[in-house]
Amino acid sequence: MKLFVQLLLFSVSYFAYSQSCSFILEGKVIDFHDGQALANAKVELLNTNQIIYTNAKGEFKFKEVCEGAQNLRVNHPDCQELIYPILIERNTKTTIYLEHHLEELEVVSLVGKINRDQTKSNPSVVVDRAVLDKHRGGSLGDALQEIAGVSSLTTGNSIVKPVIQGLHSSRVLLMQNNVRLENQDWGVEHAPSIAMQAAQEVEVVKGASALALGGDALGGAIITSPAKIPVKDTLYGYTGLVAASNGRGGGLHTQLTRSFEKGWYAQADASFKRFGDAKAPDNFLANTGHLEKALTLRGGLNKFVQGFEVYYSYYQSENGILRDAHIGNVSDLIRAINREKPIRSRDFSYKINEPKQSVTHHLAKLSYYRRLENIGKIKMHYAYQENNRLEYDIRRGDDAGKASLDLNLKTHEFQTNLQIDYDTNYDLNAGMVLTYQDNFANPLTGVKRLIPDYKQYKVGGYITGNYKWDEYWTTEAGLRFDYTHLDAQKFYLKTSWDKKGYQQDFSNIIIEDFGTQYLTNPKFDFQNFSWIGGLKYEQNDFEATLNYTRGQRAPNVAELFSDGLHHSAAIIELGDLRFKPETSHKISLNLAQDLNAFSFVANPYLNRFTDFITLVPKGLETTVRGAFPVWEYEQVDALLWGIDAQANYRIAKNFESQVSFAYLVGRDLDADNYLNEMPAPNFLYQLTYKRENWKDLRMSVQAKHSLRQHNYPNNNFYYEVLNEGNYEEVLVDISTPPEAYILLGFESSARFTPFKTGSLEVNFQVQNILNTQYNDYLNRLRYYAYQPGRNFILNLTYNY
Amino acid sequence: MKTIQFTLFSLLFLTLFTSCSDDDAPEIINEEEVITDVTLTFVNEANETQTYTYTDPSYRDENYQEPVIMLKPGSTYQVELQFFNKSNPQDIEDITNEVREERNDHFVTYAFGQVAVDLTRNDSASGIDAAGIPIGLNTIWKTQTAGNGTLVVKLIHEPTLKDVTNPMGSFTGGETDVEVAFQIQIGL
């Protein structure tokens, strides 16, 4: 437990008293972080019997205080005890700032906690430290799946993309230490460049209501931030080790923090992870190993009035793609769907061969903040990011071993934000963001660019505010404007240029004719308006929020420019230069009740889209490589509605049970059909035994129950296959969702103190205890192999 | 302090903005690996040569016509299969050589629809892999009765199993690099 005090003398009133023990000492106890008054803090004037509890406004007042050096002892349930020395020479007024517990997020609780930092009327969910710890050996997407309404779109077992209430990729914003992560998020097989081992605080906002982060996060935002560093003279750290049986791999993670009483601090964090081939119940999944390295360095000054930080983070990962999933055309797909799995069984190996992907991400950031007396706080930062994405296919001849995709994305971002919060009843936030982005597609791959070279300029401005009417009601409103200018240089094969009918509409953007190809210079200007309005009612243990968000997102580069074969899916994807921004109108209601033994959260929502960009099947196209299904991006009207719910019940003193549930329906209103790849309804049951007074012991059994998705579009098609001299029509079943499945899991953790200092946390878990053979609807490689089987994981963390 | 910081930030930002605005045109990529053309060359007993080429739809010009293989019934033909990359008309590449070099990783299959042809594999040493399997770049065709039908030629990369028990060829695993259908007319 760390704590810290900052003293500010706002006013000093002076009255001469003859008696030395009749001075008045009054003051206010305030939360250092959000400036909220801390009610019910115990303030004790040492060496006297005077004890006072602060009132609802955080105020206290001692009437008989002696002259000279005095000490106050301040206690608050959320903060550690503080001894506060003060010199009394006259009647004195003071403000005492308390720091939260450093381990604030380590408090073990099963439910993701509700937080109101991002928006008042659309609560965000903070992922518990225990949940993060549990998934140290996995990916961020695995951990987020434990939140009701968040699922994962996976490509094999190591590439895991979070899906929030049915939406993903460019519709989900990722924030790392307050910077929008720019990592080619348009691709479904592009996992976030975030090292799970080092993730410290993770928060999820469902929907675009966090306008300060971006108005285009129509699915939601995932916010990761480093832990707070205490302002005191200390050196601490931890080292964690994780080992897993499935994939025969593990990871090492270490962090060291040095901080000083004057507010200076420095922190280094490094992690490494390596896994070999994962194992489905009956066989190894060839070429599914992965490797991850991450490093974060930060340092700066953290004072109450002002501070700055220099931050650098590096992430590198290499992921093997299931060898069996590398297919050529429809005939191969038919063979894959109909064959026994797997075709290519091999012995266990750590080697990552082609097909594979390798991603490197650098993020450097310089930030500064200053509190302005009687106004609030101003923050600004500049961040530079560089993302290099390499994808390796199985290639022939001289090209073998050469990347087929080599994209380098550089992003500069400058953001400034002013928060006006001096009045406890209202809070205003205004800010602007400038972004410049440059994407370079390396021609040395010798493969037609999937994404062209482009430059993108963005200017965004926002203002959000909330007003607290009384102790029950709060209202919120916000507005954001984004302007995007995109300037690309793209080659089109003349045949595909003509096929899309671009010759009529865009002949003016052709800058050069190269025989079979045109070089074109498409330029776009997008203007997006987003706004929110919301209402919150709170009373004792009940809270209800209602939020309306209109969000707008400019089409991404894949939606605009795709014109070719998508290898891993064996489909031809075609974008469209004519797209305009898509708009979402989302209404979300959140009801939460927290009684002693019982608590629940229910979140029904409705998300109506106009110009929703989605891939629509358009028949087959024949090439020299055979036939491929063609999918074109189209803009349709769409509706997504659903409910996320969670309930906790304490059965007995040490026993807690939890159930969470998510249900969602996605409709393409133009085609009057279901939307593709919507998460299936799912339940998560958990029973936990806790004994905090014995080594923090915790044991739980978990059952994940994923139902079968019945609401799916039927995109199956027939293909003529030559068999024994005659053509046969063969059904290509790409749509039918897999069967329902139930996975059992066990988890236990305890904390020991085997050494003089520090503590050792031990976490042991078993996933898929019954070694169930199953497939998940949102696994893009489900045609080729089953999901991984049983896995034993041991996680040791030593805190010092 | 604040003003200085702000100025520094803005300066930094502006420098980066301006220094990045280069306007280099991207380099054209002529795909090195792609197969655009599949050619079948027939030599009959009289040593007369016929050539048929299938071109990928993306690389066809206005003059392209769907090839129709015209053969005589009861005849024997030496047939050679070739793959070309003509994506850059100035630099036509014969991919067949690469396939021969990597013969262990490649395999060709033939399938006839509605016409009967006796096919035998006739690869030279450069077309026989380490396991002794002729990969099928050179074949001998014996046509039977007259009729119209199709031929599907496949080039498979990295199959897990190549089987020439039936000389048409069958396989498991791997992915298709080429799959094209030719019209065949066996007539008089």
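Our structure is the block above this text.
## Thoughts on the overall build of chain A
Regarding its fold elements, chain A presents 6 helices and 45 strands. A globule of 800 residues ought to have a C-alpha radius of gyration of about 28 Å, and chain A, at 28 Å, matches this closely. In terms of principal-axis extent, the alpha carbons of chain A reach across some 115 × 60 × 45 Å. Split into buried and exposed, the 800 residues of chain A put 59% on the buried side.

## Comments concerning a nonpolar patch on the surface
Taken together, the side chains of Tyr467, Trp469, Tyr472, Trp473, Leu535, Leu546, Ile587, Leu606 and Trp641 of chain A define a hydrophobic patch exposed on the protein surface, amounting to about 860 Å² of accessible area. Tracing the backbone shows Trp641 of chain A in strand 36 (residues 626–652).

## Describing the side chain of Thr520 of chain A
Residue and element names in this part refer to chain A. Summarising the element assignment, Thr520 is placed in strand 29 (residues 517–520). For Thr520, a relative accessible area of 0% gives the class buried. Every residue in contact with Thr520, bar those within four places of it in the chain, is listed here: Ala488, Gln489, Lys490, Tyr492, Trp497, Ile509, Ile510 and Ile511.

## Considerations on empty space enclosed by the protein
All names here are of chain A. By the definition in use, this model includes 10 cavities of 30 Å³ or more. Considering only enclosed or pocket space, the second largest cavity measures out at about 550 Å³ in volume. Lining the second largest cavity are 33 residues, with Arg180, Glu182, Asp216, Gln456 and Lys458 positioned closest to its centre. For the lining of the second largest cavity, the elements supplying multiple residues, two or more each, are strand 24 (405–420), strand 25 (426–441), strand 26 (453–468), strand 27 (473–493) and strand 30 (523–539). For the lining of the second largest cavity, the element with the most residues is strand 26, which contributes 5 residues.

## Focus: the environment of Lys63 of chain A
All names here are of chain A. Inspection of the secondary structure puts Lys63 in strand 5 (residues 59–65). Each C-alpha atom of the pair Lys63 and Gln50 lies 9.6 Å from the other, and the pair is 13 residues apart in sequence. Setting aside anything within four residues of it in sequence, one finds Lys63 in contact with Ser22, Phe23, Ile24 and Gln50.

## Here we look at the pairing of strand 44 (residues 759–767) of chain A
All names here are of chain A. As paired elements, strand 43 (residues 741–752) and strand 44 share 7 bridges and run antiparallel to each other. Opposite Glu747, over in strand 44, you have Gln765 as the bridge partner. Between the antiparallel neighbours strand 43 and strand 44 lie 6 residues, among them Gly758 with a positive phi of about 80°.

Reading the values: the criteria
- Residues numbered from 1 in each chain as written.
- Chains lettered and ligands numbered in written order.
- Predicted model: local features only at pLDDT ≥ 70, side-chain atom pairs only at ≥ 80, totals over all residues.
- Heavy atoms only, no water.
- Helix = DSSP H or I, 4+ residues; strand = E, 2+ residues; numbered from the N terminus.
- Rg over C-alpha atoms; globule rule 2.2 N^0.38 Å.
- Buried < 20%, exposed > 50% of the residue type's maximum accessible area, 1.4 Å probe, protein only.
- Patch = residues over 30% accessible without salt bridge, like charges linked within 9 Å, V, L, I, M, F, W, Y side chains within 5 Å.
- Areas by Shrake-Rupley, 256 points an atom, 1.4 Å probe, with all protein chains shown as cover.
- Salt bridge = Lys/Arg side-chain N within 4 Å of Asp/Glu carboxyl O.
- Contact = heavy atoms within 4.5 Å.
- 1 Å grid on protein atoms, 1.4 Å probe; cavity = no way out; pocket = protein on both sides within 12 Å on 5 of 7 lines; lining within 4 Å.
- Points joined across faces, edges and corners; volume = space filled by probe spheres on them.
- Pairing = 2+ DSSP bridges.

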